[in-house]
Amino acid sequence: MTEQRRPALLCLLFALLAATLALTSLQPLGGAGRAWQALFSQLSSDYLLLQYSWWPRLSVALLAGAALAIAGVLMQQLLRNPLASPTTLGVSSGANLALMAASLLAPGLLDLGREWVALAGGALAMGLVMLLGWRRALAPLVVVLAGLVVNLYLGALGMALLLFNQESLSGLLIWGAGSMAQNGWDSAGFLAPRVLVGALLAWLLIRPLAMLDLEDASARSLGVSLKYLRLAGLGIAVFLAGCVVSVVGIIGFIGLAAPNIVRLAGARRLSHRLLWSTLLGALLLAGTDLLVQSLGQRAAMLIPTGAVTAALGAPLLLWLIPRLRLTGQRAPSPAQSLSERRHNPQRLLAGLGLGVLAMLLVALWFGQGPQGWYWLTSESWSVLEWRLPRVLAAMGCGLMLALAGTLVQRLSANPMASPELLGISGGSAMALMAAVFLLPAPGNLMLMLAGTLGALLTLALLIMVNRRSGWLPERLLLTGVAITALFEALRAVVLAGGDPRGQQLIAWMSGSTYYVDTPAAAGVLLAALLAALACLPLLRWLDILPLGAETSRALGIRLERARLGLLLLTSILTAGATLVIGPLSFVGLLAPHMARLLGLTRAGPHLLGAGLIGMLLMLLADWVGRQWLFPNEIPAGLMASLIGGAYLMWGLRRL
Amino acid sequence: MPLFALRFLLLFALLLSTITQASPRLASLDWTLGETLVALGAPPLAMAQVDDYHAWVGEPQMPDSVIDLGLRTQPNQELLAALAPERILISQMFTNLTPRLSRIAPVELVQLYTPGTDTWTQMLELTREVGRLAGRDQAAEQLISSTQARIDSLAGQLSRPQRPLLIIQFMDARHVRVFGPNGLYQVVLDQLGLDNAWTGGTNAWGFALVSIDALVGLDAQLVVVEPKPAGVERELASSALWQHLPGVADNQVITLPPVWSFGALPSCQRFAELLSAALEQAHD
């Protein structure tokens, strides 16, 4: 039973920690003795805070943590991806969007109960994911991709609503950061029976689920109906996550971290992983929440627990990644090609190139002014002063992100990989955020410096954490996920606080070309073209690396050097684009996928195609974003995910 | 908006500015400066997020002739350049836009709610500064004296509550903003000579975001500023903690219609009037 000892010790450690924190947070409320009395007395105003706030809050934290961890284990097992978490299938973003839309369009719905609106939104989002993956029997790769796209899409829609309605939606930002504050036993009462049912169902499914450790084919030969097993398992996971999200908001990281930590600690069998993850998840969330309460009493400000779990969980995961072995780990499913390979890509590429050129001309010559639509004439051509930098920046960033995305997806053979996921954007954005909020009046040069510094620090961290593992793609991505989570946590805290500067932050983070001037834009485009040239000598690596580590080594590639080189190039590209248009453009994820859907599978055409698509996408997004709601501008990054996401979903449905 | 209407509006705006002559063509990114301009009788040529101004500031009403510039954080540059205002007024929130906007017209930064300064004094300075920029110095002095006189007269006949006031705004059913120093509500409380029950810290914008349990144990007259987000009413009805706060069970909570909490003199006067009327009613 040595396999069980380490996870058990870990849980014990966290239990002790949580107990200590509980005692600390009880100090101002009269100590543990009084809390104990409160638990067993009649509800009365003598114990008001203990009975209506402290105990319900602890119960909700334990329940929610356990539920998220169970959901995480199920997701990771079913999707065969250690990066999968309860949010992978779009539950949180669906719930978030539903709540936003309801607050703006049909506030009456919220009177029926906020949790039901959230639950419905989460269920709809997951239904969409399932629908997209149904024809492929919910194959992990397709489900993960569909989930990712749906997530991005709903997230972008939510972001757009937020951008134009920050005042009305400020309450939802607190929910989005995951505050555990309780006013009574309502939430605990809602969660308890649902979590119990979910947990029981998960235990009933353990045996068939364990079969999934085998390959699809062997599992099928043992009589497991993969499609329905996946539907049932994902359904339970989404139900659990949806209940938690609807009651306490978005709690980052528990569902991702608990199962991974337990696995890294040595629990291999599914039943063990499920058991210890559940415990660990509950303890992690409760411990964090108790810590938040004691801190909050001192800081006299609201610290949302969900954001803190992410902020604490990220360093924990970073610390664990290089230390523990990933021995029990299956290799990720190879990125099987999603569509027919095209043998003569030249015509397609030429078409894309013409498309970019045409879009460029339209974007420069056609637009709206105070008198409506007009073509550029000799009198009005001073408008180019405003249009040119945006068009150039859009092209440059589109190209950079598309190249970065192609590199990292080929490097890791993971369909969820994108430059955003490597954490470079997140790191760079964190530094920029710090500059905006801490410096009195930061100028553009200052912001540039801060952003570059952030990107470099993140890169250093990536190198430090991954040097010994020889740049194993799995670990690299986990590192990136941790950094990205840290960034999202920070953002959630800042936005939840209701600081009016949050609006500026939202505007920049949605990926706008608004803030670029002509020299900077020209520089970006030039740098992007140079980077594209730098990719040419790497094509051999890029063709071979997706075939796996053994094959690559056998073909004479020095794996570590290749991975480090590609990583460096990706970081530079991502940092460059992030500095200009913010971290959330998604083009890095979408463009390589779209190129692949068009049948460009070999490294050369894939890179070129993705680059052209990236440019086209960003140009189109920037232009449409500026015209659609004129004089309001929808940032290019948001628009790109709305346009590209719709195309990707359509492509996935056709598979 | 149809083309001809836009043209008409533009013509109208042009006409207006030639008739009133003295007032230069100003664009404002900020609602607080916008409301001051309207109160001075010199509405801006263009302002950012006009629709949201109607929803969140409301009074004084922004005339329909004011052209919408789009988001406050990203005012439409092509449109702004085409309108060619004489000056662009911004608050400290938008200083990062100064370099690019000053290519269109001189940018004037008018500050309010700077931490560490007396808000009321700064509000008066802001009014004079905006008056100077709009060529309405006299109107500014008038606005200041009339607001001061109105608030003084309200303070004189105020029915003072027995407990200090706790001014909150609901974010959702479990979280509220509590308002304190360096904010509009505090300025009005000071001017009316009323006490604030919140002694905890606040941020640079004069409020603290807290969960409802932080209000337990405060002996205060609760004042809720609307809007309440949808669904909050229902959840509060079953919230044990809220029901136990002073005055909630016996319906003593004062509810006020929305007032722009980052506003200038016009919003101040509005809040003072609403608050004293509500206190009057609670007293009866």
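Note that the coordinates shown come from a computational prediction; the quantities given were computed from them, not determined experimentally.

## A word on the overall build of chain B
Of the regular secondary structure elements, chain B holds 11 helices and 10 strands. For chain B, the C-alpha radius of gyration of 21 Å lies close to 19 Å, the compact-globule estimate for 284 residues. Each principal axis of the C-alpha atoms in chain B carries an extent, and together these give about 60 × 40 × 35 Å. Out of the 284 residues belonging to chain B, those deemed buried represent 49%.

## Side note on the overall build of chain A
Counting its secondary structure elements, chain A contains 29 helices and 2 strands. For chain A, the C-alpha radius of gyration of 25 Å lies close to 26 Å, the compact-globule estimate for 655 residues. Dimensions along the principal axes, computed over C-alpha positions, put chain A at roughly 85 × 60 × 40 Å. The buried share of chain A, reckoned over its 655 residues, is 57%. In chain A, once contacts between residues fewer than 6 apart in sequence are set aside, the share between residues at least 24 apart is 80%.

## Structural notes on the sheet that holds strand β4 (residues 87–90) of chain B
Residue and element names in this part refer to chain B. Ordered by their spatial adjacency, 5 strands build an open sheet running β3-β2-β1-β4-β5, and the pairing between neighbours is parallel. The open sheet terminates on both sides in strands that have one partner only, identified here as β3 (67–68) and β5 (107–109). Bridge count between strand β1 (residues 26–28) and β4: 3 bridges; the pairing is parallel. Paired with Ala-27 across the bridge in β4 is Ile-88. Along the sheet, helix α2 (residues 31–39) makes contact with β1, β2 (46–47) and β4, crossing β1 at roughly 140 degrees.

## Side note on the domain arrangement of chain A
Residues and elements named next belong to chain A. Under the domain assignment used here, chain A contains domain 1 (50–323) and domain 2 (347–368 + 381–654). Placing a centre on the C-alpha atoms of domain 1 and another on those of domain 2 gives a separation of 27 Å. Counting residues at the interface gives 39 residues for domain 1 and 37 residues for domain 2. Elements supplying a minimum of two residues to the side of domain 1 that touches domain 2: α7 (140–164), α8 (170–177) and α15 (305–323). By residue number, the principal contributor to the side of domain 1 that touches domain 2 is α7, which donates 15 residues. In the side of domain 1 that touches domain 2, the residues fall into 33 nonpolar, 6 polar and no charged.

## Observations regarding the nonpolar core
Within soluble globular proteins, side chains that are nonpolar generally end up buried alongside one another. Residues and elements named next belong to chain A. Of all hydrophobic cores here, the largest spans 318 residues; its most connected members are Ala-64, Ala-67, Leu-240, Val-244, Leu-280, Met-618 and Leu-619. Tallying contributions element by element places helix α3 (residues 48–79) first for this core, with 21 residues. Aside from chain neighbours lying at most four places away, what touches Leu-619 is Val-356, Met-359, Leu-360, Ala-363, Val-391, Ala-394 and Met-395.

## Details of the domain arrangement of chain B
All names here are of chain B. Once the domains are mapped, chain B shows domain 1 (3–110) and domain 2 (165–283). Averaged C-alpha coordinates put domain 1 and domain 2 at centres separated by 32 Å. Listed per partner, the contact involves 9 residues of domain 1 and 8 residues of domain 2. When residues in the side of domain 1 that touches domain 2 are grouped by element, the largest group, 5 residues, is from α2. Of the residues in the side of domain 1 that touches domain 2, the class split is 5 nonpolar, 2 polar and 2 charged.

## Remarks on the interface of chain A and chain B
On the side of chain B, 47 residues touch chain A, which itself brings 44 residues to the contact. Mapped by element, the contributors of at least two residues to the side of chain A that touches chain B are α3, α5 (107–112), α8, β1 (366–369) and α22 (502–509) of chain A. The class makeup of the residues in the side of chain A that touches chain B is 19 nonpolar, 18 polar and 7 charged.

## A closer look at the pairing of strand β7 (residues 175–179) of chain B
Residues in a regular strand project their side chains so that they alternate between the two faces of the sheet. Residue and element names in this part refer to chain B. Most of β7 sits inside the fold, with 5 of its 5 residues counted as buried. Side-chain alternation along β7 places His-175, Arg-177 and Phe-179 on one buried face and Val-176 and Val-178 on a second face that is also buried. Where β7 lies against strand β8 (residues 207–211), 5 bridges are found, and the strand directions are antiparallel. What sits directly across from His-175, in β8, is Ser-211.

## Quick look at unusual backbone geometry
Most peptide bonds take the trans form, and the phi angle of most residues other than glycine is negative. Each neighbour pair has its own omega, and for Phe-630 of chain A with Pro-631 of chain A the value is 5 degrees, a cis peptide bond. Looking at the secondary structure, you find Pro-631 of chain A in the loop between α28 (603–627) and α29 (636–654). The peptide bond linking Glu-59 of chain B to Pro-60 of chain B adopts the cis configuration, its omega dihedral lying at -10 degrees. Here Pro-60 of chain B shows up in the loop between α3 (50–56) and β3. The phi dihedral of Gln-49 of chain B falls on the positive side, at around 50 degrees, and the residue is not glycine. The residue Gln-49 of chain B is located in the loop between β2 and α3 in this model. We note that Ala-84 of chain B has phi near 45 degrees; this positive angle belongs to a residue other than glycine.

## Section: the pairing of strand β9 (residues 221–225) of chain B
Residue and element names in this part refer to chain B. The buried fraction of β9 amounts to 4 of the 5 residues, a majority that puts the element mostly inside the structure. In terms of strand pairing, strand β6 (residues 165–172) meets β9 through 4 bridges, oriented parallel. Residue Leu-165 lies in a different strand from β9, and its bridge partner there is Gln-221. Across 3 bridges, β9 lies against strand β10 (residues 254–256) in parallel orientation. By the bridge assignment, Val-225 is partnered in β10 with Leu-256.

## Points about the environment of Ala-181 of chain A
In this structure, Ala-181 of chain A sits in the loop between α8 and α9 (186–204). By the C-beta count within 10 Å, which is 28 here, Ala-181 of chain A ends up buried. Each C-alpha atom, one on Ala-181 of chain A and one on Leu-453 of chain A, is 36 Å from the other, the two residues being 272 residues apart in sequence. Those residues in contact with Ala-181 of chain A, other than ones at most four positions away along the chain, are Arg-57 of chain A together with Arg-174, His-175, Ser-211 and Asp-213 of chain B.

## A few points about α7 of chain A
Here α7 of chain A spans 36 Å end to end across 25 residues, near enough to the 36 Å set by a 1.5 Å rise per residue. With 23 of 25 residues buried, α7 of chain A is to be regarded as a mostly interior element.

## Description of helix α7 (residues 137–156) of chain B
Residues and elements named next belong to chain B. Spanning 20 residues, α7 covers 29 Å between terminal C-alpha atoms, matching the ideal 28 Å at 1.5 Å per step. Of all the positions in α7, only Ala-140, Leu-143, Thr-147, Ile-151 and Leu-154 are classed as buried. Looking straight down α7, one finds its buried side chains confined to an arc of 70 degrees; they lie on one side. Across from the buried face of α7, at angles greater than 90 degrees, the exposed residues are Gln-138, Ser-145, Ala-149, Asp-152, Ser-153 and Gly-156.

## Quick notes on the sheet that holds β10 of chain B
Backbone-to-backbone hydrogen bonds pair the strands of a sheet. The strands run either parallel or antiparallel. Residue and element names in this part refer to chain B. Overall, mixed pairing links the 5 strands, which are arranged β8-β7-β6-β9-β10 in an open sheet. The open sheet terminates on both sides in strands that have one partner only, identified here as β8 and β10. Mean inter-strand twist for the sheet, computed between neighbouring axes without regard to direction, equals 30 degrees.

## Some details on the confidence of the model for chain B
Reading fine detail from the predicted coordinates is not recommended where pLDDT is low. Looking at chain B as a whole, its pLDDT mean stands at 87, while 92% of the residues score no less than 70. Of the two predicted TM-score estimates for the complex, the pTM is 0.83 and the ipTM is 0.82.

## Notes on the environment of Val-524 of chain A
Residue and element names in this part refer to chain A. Tracing the sequence through the fold places Val-524 in helix α23 (residues 518–535). Residue class for Val-524 comes out buried when judged on the 26 C-beta atoms lying within 10 Å of it. In this structure, the C-alpha to C-alpha distance between Val-524 and Leu-555, residues 31 residues apart in sequence, is 36 Å. With residues up to four places along the chain from it excluded, the contact list for Val-524 reads Ala-393, Gly-396, Cys-397, Gly-576 and Val-580.

Conventions we followed
- Residues numbered from 1 in each chain as written.
- Chains lettered and ligands numbered in written order.
- Predicted model: local features only at pLDDT ≥ 70, side-chain atom pairs only at ≥ 80, totals over all residues.
- Helix = DSSP H or I, 4+ residues; strand = E, 2+ residues; numbered from the N terminus.
- Rg over C-alpha atoms; globule rule 2.2 N^0.38 Å.
- Buried ≥ 20, exposed ≤ 12 C-beta atoms within 10 Å, placed from the backbone.
- Contact = placed C-beta atoms within 7 Å.
- Pairing = 2+ DSSP bridges.
- Axes fitted to C-alpha atoms, helices over the stretch in contact; angles between N-to-C directions.
- Domains from an automatic or database assignment.
- Nonpolar A, V, L, I, M, F, W, Y, C, P; charged D, E, K, R; others polar.
- Core = buried A, V, L, I, M, F, W, Y, C linked by C-beta atoms within 7 Å.
- Expected span 1.5 Å × (residues − 1).
- Arc of directions from axis to C-beta.
- pLDDT = per-residue confidence, 0-100.

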